Amino acid sequence: AVPERTVKAEWTASAAFFMLGILNNVIFCVILAGAVFSQSRQSRAWLIVYCSGAKDIDQGGVGAVFLAMQLPALLIKVTGPTWYHLVSYTFRVHLLVLLCAAGLLLVALSPGLQNQLIGVALTSVQIALGEASMLSLTSRFQDSRTTVTAWSSGTGFAGLLGFGWVLILEAVQLPFTFILVLSLVFPLIYVVVFHTMLRPALEAEKRSLYSTIAQNLGEEPTSELNMPILSEAQDQSSSPDLSAVDMTFWQRVSYVCSLWRFKVPLMLVYLAEYVMQSGTWSAIGFPLDDEAARNNFYRLANLCYQVGVCISRSSGLLCVVSMPMLWLLPFLQVALLVFFCMDCLLKFWYNWTLLAPCVVAGLLGGTVYVQGFSLLSTQAENGRKELAMGSVAMAADIGVATADFMGILVQGCIYRYHNLPGAVYECKIMANTTAFRMS
């Protein structure tokens, strides 16, 4: 029989990961929601600029926003596997909570766009460090599929909570600056959940699973959270050649590269869905030449997408996806992107029922996320699970970073084809096509 305290620890851990998934992503969702409900819409790269109040910026400004949103997260995720083991989880959590609070205050209260972009960058670092750390910690539980699903479900609900938080508070006429200040409650709850729920669950799991090993080794109990990564003594199936603690820099790099089977699907599905959001959904409206109509479709499409993500990221325990299926789903997402690109140009399916494929995009993206990490948690070597879980997370950021540029290009071409003003990029490819159509 499973010890009662182990069952309780698993339930507590699942609840903690669910809440931490929400809290880790909700701040950025709040900032993006404020931008989505603003009046102007050009591309995803413009969101934070509009949110901060700057309505007219040049292409250099777009580049600055991109750097603030994506470069910090990329740096954390790409370099993290070489230094995660040097920093304890407790320190990481305290750091990311401070980064979140500082980022919120800078975006909310700083009068200059430059300082607000620094705030966005701090929030980006917080999300990246939090996601990599919590995904790694999910592997410390025997039923890692449950903890991964709990975390993924929380991140899925974060989008809905962020949008709902902004909608409700704006409905009572609160200015967005005040909404951001009120959002400081989220990092406070984050640190409370970590210390009062996740830490005790981890320590109970360790006592239940490794007490015999520790006694045989003659070791004194230590605090689990101060150990940055699993050691050989903590996993009886680990051996010196499998222990991530003893790996050299180049061994870590080599191991991270060997995880490409899990990275490619995650990168591809994120690339396709974010090009859809910024490149095609912002170029759909009924009628198309009405900017308000395009803004309205963009808002609803993003909400439908968030619903799809929320549902699919909570489905990790309902089904098990094989590796071939994990690879198939991103190509279905790419096919959906091609559909939206062609439909934006030819308008063969052009009404409000297009919101249904937006939900499908969220379903595909969320499924690849939760099933990919669940599969990784069961296939990675015991001594390297934490390293693997934290490392594969970089693939999503690489996909989003690529999509930010591709989305601008796709949107520019669609705008040029329909002679719509306001695109960041003036597409040269569609120039001749547009001239031919007008002749």
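Note: the structure precedes this text.
Computed from a predicted model, the values in this text were never measured in an experiment. Along each chain, residue indices are assigned from 1 in the same order as the chain's sequence is written. With pLDDT at 70 or above as the cut-off, local features in this predicted model cover only qualifying residues; side-chain atom pairs require 80 or more to be listed or tallied, and sums for whole chains, interfaces and linings still use all residues. The side-chain values count all of the structure's non-hydrogen atoms but skip hydrogen atoms and water molecules.

Things to note about the overall build of the chain
Consideration 1: Think of it this way: any DSSP run of H or I at least four residues long counts as a helix, any run of E at least two long counts as a strand, and we number them from the N terminus. The helix and strand inventory of the chain stands at 16 helices and zero strands.
Consideration 2: Think of it in three bands: with a 1.4 Å probe and only protein chains considered, a residue is buried below 20% of the maximum accessible area for its type, exposed above 50%, and partly exposed in between. Buried positions account for 59% of the 439 residues belonging to the chain.
Consideration 3: Here, residues are in contact when the closest pair of their heavy atoms is within 4.5 Å. Considering only residue pairs separated by 6 or more positions, the chain has 78% of its internal contacts joining residues 24 or more positions apart.

A closer look at the environment of leucine 180
Consideration 1: Summarising the element assignment, leucine 180 is placed in helix α7 (residues 176–182).
Consideration 2: A C-alpha to C-alpha distance of 5.8 Å links leucine 180 and alanine 108, two positions 72 residues apart in sequence.
Consideration 3: Apart from residues lying up to four places away in sequence, leucine 180 is in contact with Val30, Ile31, Leu104, Val107 and Ala108.

What about the packing of aromatic side chains?
Consideration 1: In summary, the pairing rule links any two rings of Phe, Tyr or Trp, Trp by its six-membered ring, whose centres are within 6.5 Å, and it sorts them by plane angle into stacked for under 30 degrees, edge-to-face for over 60 and tilted for everything else. Under the criterion given, the structure shown has 17 aromatic pairs.
Consideration 2: A centroid spacing of 4.9 Å and a plane angle of 85° characterise the contact between phenylalanine 249 and tryptophan 250, whose relative ring orientation is edge-to-face.
Consideration 3: The exposed category is assigned to tryptophan 250, whose relative accessible area is 65%.
Consideration 4: Definition used: whenever NZ (Lys) or CZ (Arg) falls within 6 Å of the ring centre and also within 35 degrees of the ring normal, the charge is taken to sit over that ring. Its guanidinium or amino end placed over the ring of tyrosine 89, arginine 92 lies 4.3 Å from that ring's centre, counting from NZ or CZ.
Consideration 5: Above the face of the tyrosine 369 ring, arginine 313 is positioned so that its terminal group lies 3.8 Å from the ring centre.

Here we look at the nonpolar core
Consideration 1: We call a set of buried Ala, Val, Leu, Ile, Met, Phe, Trp, Tyr and Cys residues a nonpolar core when their side-chain atoms join them within 4.5 Å. Judged by nonpolar contacts, the single largest core of 112 residues is most densely connected at Met134, Trp281 and Phe373.
Consideration 2: With 11 residues, helix α1 (residues 4–36) is the single largest residue contributor to this core.
Consideration 3: Leave out the neighbours within four places in its chain, and methionine 134 touches Phe17, Leu20, Val93, Trp151, Tyr190, Phe194 and Leu198.

Thoughts on the packing of helix α10 (residues 260–280) against helix α15 (residues 394–417)
Consideration 1: Each axis is a line fitted through C-alpha atoms, taken for helices only over the stretch in contact, and angles between the N-to-C directions span 0 to 180 degrees. Put simply, α10 and α15 touch, their axes get as near as 7 Å, and they point 30° apart. As summarised for this structure, α10 and α15 are arranged roughly parallel, according to the angle between their axes. The way α10 lies across α15 gives a crossing that is right-handed. For classification, angles of less than 35 degrees are called roughly parallel, those exceeding 145 degrees roughly antiparallel, those between 65 and 115 degrees roughly perpendicular, and all remaining angles oblique. Less than a right angle of anticlockwise turn of the near helix away from the far helix marks a crossing as left-handed, whereas a clockwise turn marks it as right-handed.

Comments concerning the packing of α10 against helix α11 (residues 291–313)
Consideration 1: Contact pair α10 / α11: the axes reach a minimum separation of 11 Å and the direction vectors enclose 155°. Relative to α11, the element α10 lies roughly antiparallel. Where α10 abuts α11, its residues Tyr270, Glu273, Tyr274 and Gln277 lie against Tyr298, Asn302, Tyr305 and Arg313.

Topic: helix α9 (residues 249–257)
Consideration 1: When α9 is considered as a whole, its buried residues turn out to be Arg252, Tyr255 and Val256. The buried residues of α9 all sit within an arc of 100° when viewed along its axis, so they share a single face.
Consideration 2: Summarising the contacts, the buried residues of α9 are in contact with α10, α14 (385–392) and α15. Directions are taken from the helix axis to each C-beta atom, and the arc is the one they span.

A look at unusual backbone geometry
Consideration 1: Residue proline 287 follows phenylalanine 286 across a cis peptide bond; omega there is 5°.
Consideration 2: Residue position: proline 287 is located in the loop between α10 and α11.
Consideration 3: Here asparagine 419, not a glycine, exhibits a phi torsion of approximately 55°, which is positive.
Consideration 4: Relative to the helices and strands, asparagine 419 resides in the loop between α15 and α16 (429–438).
Consideration 5: Taking the relative accessible area as the measure of exposure, asparagine 419 reaches 42% and is therefore partly exposed.

These values are about where atoms sit, not about what they do.
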